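Close look at the chain arrangement
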Amino acid sequence: MRIDGVSRLVGLVGYPIEHTLSPMIHNAAFDSLRLNWVYVPLRVHPGSLGPALEGLRWLDFSGVNVTIPHKVETVRFMDDLREEARILEAVNTVVKEGRDLIGYNTDVRGFTDFTFKRGIGLASVSALLIGAGGAARAVALALARGGASKIAIANRTPGRAEVLRSMLKGATGHSEISVEEFDESGLRVIRECDLVINCTPLAVEDAEEIPIHYDDFGDGQWAVDLNYSRRRTAFLEEACKRGASGANGEDMLLFQAAASFRLWTGMEPPLDDMREVFIETIKGDR
Ligand code: NAP
């Protein structure tokens, strides 16, 4: 990579960001297409987001990604929000148009593209979301828009699941959304679902962190874990042992990155190269 006086700049605003994979993924894509662009980490402490984003207006950045803990707060610093960001009230990608900051959320596209790639049809699917945080919101919107027939949500804090249900109903008019108990009885709804998505950081190593009867999984079902630190989390391991098909969050991560790349550059990203560097970088941790 050569950085010179005309290099275009993008980056990642978050805190902490030591473990992010985004700079590797995006810089590999720029290298592969021989684009004179560079993606840099921008460590922004909680409480400094406003001035940091204001600075972007005047620095020569084309845009940024936004990650924990700033996705929600970024909304109020945008000049305009595109539809998904407005519905989800969370921004993970900022595009600069002139001096204006435009907020997008590419996680919805990330999940939709992932399911398309894996042949998981969303039309008429019956799905359970475990969790109701930022990632779950994006997945829920993708499911509702994709034509899911039923969406069940189970979250430790039931109030958050209720908020997600209202948000989804208001945005899409979807009426078949239920809130289930986050316990052994509530999660038995798995038996009636085609697709079960773990949107919590739980059950990476210890499947029992989620109060599921794993015997409720079986042939014909899909288990998805948004975590991407392992090819097979304990949650996926247990579900797949019972015959379910499984996928981790790797593709969703790559597809949301690809969507940001398109927004900034207007070009089609080299997904295979992005995946290669992702796998290479994460290999040691798996
Ligand atoms: P978040 O907004 O902080 O939400 C976390 C969710 O997990 C909430 O529903 C929370 O429940 C639940 N939770 C956390 N600790 C828990 C515990 N000890 N017991 C029960 N529930 C617990 O985080 P997020 O951004 O949605 O991320 C969730 C997961 O998705 C993470 O593993 C993250 O790495 C992954 N992710 C993947 C992608 C991708 O592209 N593959 C994108 C985004 C996120 P409460 O509401 O009760 O707190």
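Starting afresh in each chain, residues are numbered from 1 along the sequence in its written order. For a predicted model such as this one, the threshold for reporting local features is a pLDDT of at least 70, and the threshold for listing and counting side-chain atom pairs is 80 or more; totals across whole chains, interfaces and linings nevertheless cover every residue. As a convention, hydrogens and water are excluded, and side-chain values are obtained from all of the structure's heavy atoms.

1. Brief notes about the overall build of the chain
What counts here: Only DSSP runs of H or I reaching four residues or more are called helices, and only runs of E reaching two or more are called strands; each is numbered from the N terminus. Radius of gyration: over C-alpha atoms. The globule rule applied is 2.2 Å multiplied by the number of residues raised to the 0.38 power. With a 1.4 Å probe rolled over the protein chains alone, any residue whose accessible area is under 20% of its type maximum counts as buried; one over 50% counts as exposed, and the rest are partly exposed. Two residues qualify as a contact provided that any one of their heavy atoms is within 4.5 Å of a heavy atom in the partner residue. Note on areas: Shrake-Rupley with a 1.4 Å probe; residue coverage comes only from the protein chains shown. His is not counted here, nor are the chain ends, while Lys and Arg score as positive and Asp and Glu score as negative. By convention, charge coordinates are those of NZ in Lys, CZ in Arg, CG in Asp, or CD in Glu.
Of regular secondary structure, the chain possesses nine helices and twelve strands. For a compact globule of 286 residues, the expected C-alpha radius of gyration is about 19 Å, and the chain comes in at 19 Å, within 12% of that figure. Across the 286 residues of the chain, 53% fall into the buried class. The contacts in the chain between residues at least 6 apart in sequence include a share of 67% that link residues at least 24 apart. Accessible surface, the chain: about 13,100 Å² in total, of which carbon and sulfur atoms supply 49%. In the chain, the 32 positive side-chain charges and the 41 negative ones have mean positions that sit 3 Å from each other.

2. Let's talk about the site of the ligand
The condition that has to hold: The nearness test applies per residue and asks whether one of its heavy atoms lies within 4 Å of the molecule or strand. Any pair of nitrogen or oxygen atoms within 3.5 Å is treated as a polar contact; in protein, a donor-acceptor pairing is required on top of that, and neighbouring residues in sequence qualify only through side-chain atoms on both sides.
Close to the ligand lie 20 residues; Ala132, Ala135, Asn155, Thr157 and Arg160 are nearest. Ala132 is positioned such that a nitrogen or oxygen atom in its backbone is 2.9 Å from an oxygen atom of the ligand. In the environment of the ligand, an oxygen atom lies 3.4 Å from a nitrogen or oxygen atom belonging to the backbone of Gly133. Put simply, the parts of the chain that give the shell around the ligand at least two residues each are α5 (134-146) and α8 (250-265).

3. Quick word on the sheet that holds strand β9 (residues 177-180)
For clarity, the cut-off: By definition, two strands form a pair when at least two bridges between them are found by DSSP. Here, axes are lines fitted to C-alpha atoms. For helices the fit covers the stretch in contact, and angles between N-to-C directions go from 0 to 180 degrees.
Taken together, the six strands give an open sheet; going across it, the order is β9-β8-β7-β10-β11-β12, and neighbouring strands pair in parallel fashion. Edge strands, defined here as strands with exactly one partner in the open sheet, are β9 and β12 (245-247). On average, each strand axis in the sheet is tilted by 20° relative to the strand beside it, whichever way the strands run. When strand β10 (residues 195-198) meets strand β11 (residues 222-225), the two strands line up parallel, connected through four bridges. The partner of Ile197 across the bridge, within β11, is Val224. On the sheet, helix α6 (residues 158-172) packs against β7 (126-130), β8 (150-154) and β9 and is oriented at approximately 175° with respect to β9. Running at roughly 175° to β11, helix α7 (residues 234-241) makes contact with β7, β10, β11 and β12 of the sheet.

4. Here's the deal with the environment of Ala244
Relative to the elements of secondary structure, Ala244 occurs in the loop between α7 and β12. According to the relative accessible area criterion, Ala244 is buried, its value standing at 7%. As a C-alpha pair, Ala244 and His26 span 218 residues in sequence and 33 Å in three-dimensional space. Contacts of Ala244, omitting those with residues within four sequence positions, involve Phe217, Gly218, Gln221 and Ala239.

5. A word on the environment of Phe255
Mapped onto the elements, Phe255 comes out in helix α8. Each residue touching Phe255, except ones within four places of it in the same chain, is listed here: Gly110, Asp113, Phe114, Lys117 and Leu271.

6. Some words on the packing of helix α4 (residues 107-118) against α5
Rules: Each angle receives one of four descriptions, namely roughly parallel if under 35 degrees, roughly antiparallel if over 145, roughly perpendicular if within 65 to 115, and oblique otherwise. Two helices that cross are described as forming a left-handed crossing if the nearer one is turned anticlockwise from the farther one by less than a right angle, and a right-handed crossing if clockwise. Residues are grouped as follows: nonpolar covers Ala, Val, Leu, Ile, Met, Phe, Trp, Tyr, Cys and Pro; charged covers Asp, Glu, Lys and Arg; every other residue, Gly included, is treated as polar.
Relative orientation of the contacting elements α4 and α5 amounts to 55°, with a least axis distance of 8 Å. Considered as vectors, α4 and α5 are oriented oblique to each other. The way α4 lies across α5 gives a crossing that is right-handed. Together, Asp107, Val108, Phe111 and Thr112 of α4 and Ala138, Val139, Leu141, Ala142 and Leu143 of α5 make up the contact between the two elements. When the residues that make up the contact of α4 with α5 are grouped by side-chain class, the tally is seven nonpolar, one polar and one charged.

7. Focus on the side chain of Thr106
Examined against the element boundaries, Thr106 turns out to sit in the loop between β6 (100-104) and α4. Within polar-contact distance, the side chain of Thr106 engages the backbone oxygen of Gln256 at 3.1 Å. Not counting residues within four places of it along the chain, the set of residues in contact with Thr106 comprises Asn92, Thr93, Gln256, Ala259, Ser260 and Leu263.

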